[in-house]
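# Close look at the chain arrangement
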Amino acid sequence: MTEDTSQPAREPTRPQLQVAAATFDLLSAPTRLHLMWLLARHDYDVGSLAARIGASIAVVSQHLAKLRLAGLVTARRDGRRHIYAVEDPHVRTLIDQIFAHIAPDGTLAPDPPAPPRASPREGQIPAAETTVSAAGSRTPRIRPRASR
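My aim in this report is to walk through the structure given alongside it, one point at a time.

In regular strands, side chains alternate between the two faces of the sheet. Pairing analysis gives two bridges linking strand β1 (residues 44–45) to strand β3 (residues 81–85), with the strands arranged antiparallel. Counterpart to Tyr 44 in the pairing with β3 is Tyr 84. The pairing of strand β2 (residues 74–78) with β3 spans five bridges and is classified as antiparallel. Residue pairing for β3: Arg 77 is matched across the bridge by His 82.

Spelled out as structure tokens, the structure:
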């Protein structure tokens, strides 16, 4: 039997949660997210990025500095220019998944078939899936389907 490595084996630690939250906070700016999308596909200098997204070089430079500090973007010198890229495959996957999840019109894209999820141990219902009655007994909770 092979182990499913697509899901973490245990809950994230407090430091992991804090860094993940800070990363999503950084990506919450549309300009930065656009830069990340471009850099996940091609290497660019700051002038080319500014022209692509319609912002000034100064604004793009400030965004790139923040993304570099967070380790999301790398830079290398090419003569007098700095060439920026997203080299981490995890970050590339994250960016691709964000836009696979959102349709071009801004609505949520249809979900692909979900892989099977690990089930709880036999006879055990996860706490999030149960309700507790006044008498203290646990009963399964039926979740309504999300409307689309």
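Enumeration according to the criterion identifies four salt bridges in this entry. Across the pair Asp 43 and Arg 76 runs a salt bridge, and its minimum N-O distance is 3.1 Å. Of this pair, Asp 43 sits in the loop between α2 (30–41) and β1 while Arg 76 is found in strand β2, placing the two residues 33 residues apart along the sequence. The class for Asp 43 is partly exposed, based on a relative accessible area of 32%. Residues Asp 78 and Arg 81 are paired through a salt bridge, measuring 3.0 Å at the closest nitrogen-oxygen approach. Asp 78 gets classed as partly exposed once you look at its relative accessible area, which sits at 41%. By relative accessible area, which is 39% here, Arg 81 ends up partly exposed. In this structure, a network of salt bridges that share partners links the residues Asp 45, Asp 78 and Arg 81.

What follows concerns the sheet that holds β2. Read across the sheet, three strands follow the order β1-β3-β2 without closing on themselves; strand pairing throughout is antiparallel. The open sheet terminates on both sides in strands that have one partner only, identified here as β1 and β2.

Procedures and definitions
Residues numbered from 1 in each chain as written. Predicted model: local features only at pLDDT ≥ 70, side-chain atom pairs only at ≥ 80, totals over all residues. Heavy atoms only, no water. Pairing = 2+ DSSP bridges. Helix = DSSP H or I, 4+ residues; strand = E, 2+ residues; numbered from the N terminus. Salt bridge = Lys/Arg side-chain N within 4 Å of Asp/Glu carboxyl O. Buried < 20%, exposed > 50% of the residue type's maximum accessible area, 1.4 Å probe, protein only.

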